[in-house]
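Below, each chain spelled out in residue letters.
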Amino acid sequence: MMSKTFSRVLWVLAGVLLILAGVLCMSRPAVALEAISLYLGISMLVSGVVDLIVYARGRNYMFGSGWLLVEGILTVILSLFLLFNQAFTALTLPFVFGMWLLFTGVSQVVGSLDLHHLGVRGWGWFTAAGVIMALAGFFSFLNPVGGMVTLGALTGILLLLEGVAAILRAVLSGRFFR
């Protein structure tokens, strides 16, 4: 069985790294656009691996752990794509990032509904973050050229949201375990 403390530490670590990546993207959007695949790839890889570790160690003790597994696998696959296809990534980044945001947002909304069902206070924050991420993912498909122009700052904001969501998981993790 995985300890609650171990889960919290992993989620805080993932959250802090995502927030740092978000701050970097927001502070230097022009540079971030050039190097975004590296920042995003590393952050997503860490986030996905954390989700997979938490799933592997706590799947029998957590509600909604299957969603955590799917999110972790998708996040790791997309991160590897970003890290190992640098040239192609520049052209496809709005779509890849949009897919990740859309799926992560939907996954968080579904997870928040599980929390609501369990009577956990604060479940609405997960819902709000999930809806914002899903909408941002959807809108990145509508205007990919415009998405490339604003991707640096937008990525920073969305990475901050994902980092906050990871830290919220850590804060509320005692309620995730049976």
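Before reading on, note that the structure itself is shown above.
Residues numbered from 1 in each chain as written. Predicted model: local features only at pLDDT ≥ 70, side-chain atom pairs only at ≥ 80, totals over all residues. Heavy atoms only, no water.

Let us now look at the overall build of the protein. Looking only at helices and strands, the protein features six helices and zero strands. Listing each helix as α and each strand as β along the protein from the N terminus yields α-α-α-α-α-α. Split into buried and exposed, the 178 residues of the protein put 43% on the buried side. Residue pairs at least 24 apart in sequence account for 80% of intrachain contacts in the protein once pairs closer than 6 positions are excluded. When the accessible area of the protein is evaluated, it comes to approximately 8600 Å², of which 75% is carbon and sulfur surface. (Helix = DSSP H or I, 4+ residues; strand = E, 2+ residues; numbered from the N terminus. Buried < 20%, exposed > 50% of the residue type's maximum accessible area, 1.4 Å probe, protein only. Contact = heavy atoms within 4.5 Å. Areas by Shrake-Rupley, 256 points an atom, 1.4 Å probe, with all protein chains shown as cover.)

Moving on to a nonpolar patch on the surface. A cluster of nonpolar side chains, namely Phe 95, Met 99, Leu 102, Val 106, Val 131, Leu 135, Phe 138, Phe 139, Phe 141 and Leu 142, defines an oily patch on the protein surface of about 860 Å² accessible area. Those elements that provide at least two residues to the nonpolar patch are helix H4 (86-117) and helix H5 (123-142). Considering each element in turn, the nonpolar patch owes the most residues, six residues, to H5. Checked against the element boundaries, Met 99 lands in helix H4. (Patch = residues over 30% accessible without salt bridge, like charges linked within 9 Å, V, L, I, M, F, W, Y side chains within 5 Å. Salt bridge = Lys/Arg side-chain N within 4 Å of Asp/Glu carboxyl O.)

Quick look at the pattern of salt bridges now. Enumeration according to the criterion identifies two salt bridges in this entry. Taking the shortest distance from any N to any O, the salt bridge between Glu 71 and Arg 169 comes out at 3.5 Å. Linking Glu 71 in helix H3 (residues 65-84) with Arg 169 in helix H6 (residues 144-172), this pair joins segments that are 98 residues apart in sequence. The exposure classification of Glu 71 matches that of Arg 169, with both residues buried. A single salt-bridge network, built from bridges that share partners, covers Asp 51, Glu 71 and Arg 169.

A few words now on the packing of aromatic side chains. Per the stated rule, a full pass over the model turns up two aromatic pairs. For the pair Trp 67 and Phe 103, a centre-to-centre distance of 6.4 Å together with 35° between the ring planes defines the contact as tilted. Remark: Phe 103 occurs in helix H4 and Trp 67 occurs in helix H3; sequence separation between them is 36 residues. Relative to Phe 139, the ring of Phe 138 has its centre 5.6 Å away and its plane inclined at 65°; by these criteria the two rings are edge-to-face. (Phe/Tyr/Trp six-rings, centres within 6.5 Å; stacked < 30°, edge-to-face > 60°.)

Fair warning: the whole summary comes from geometry, so function is off the table for now.
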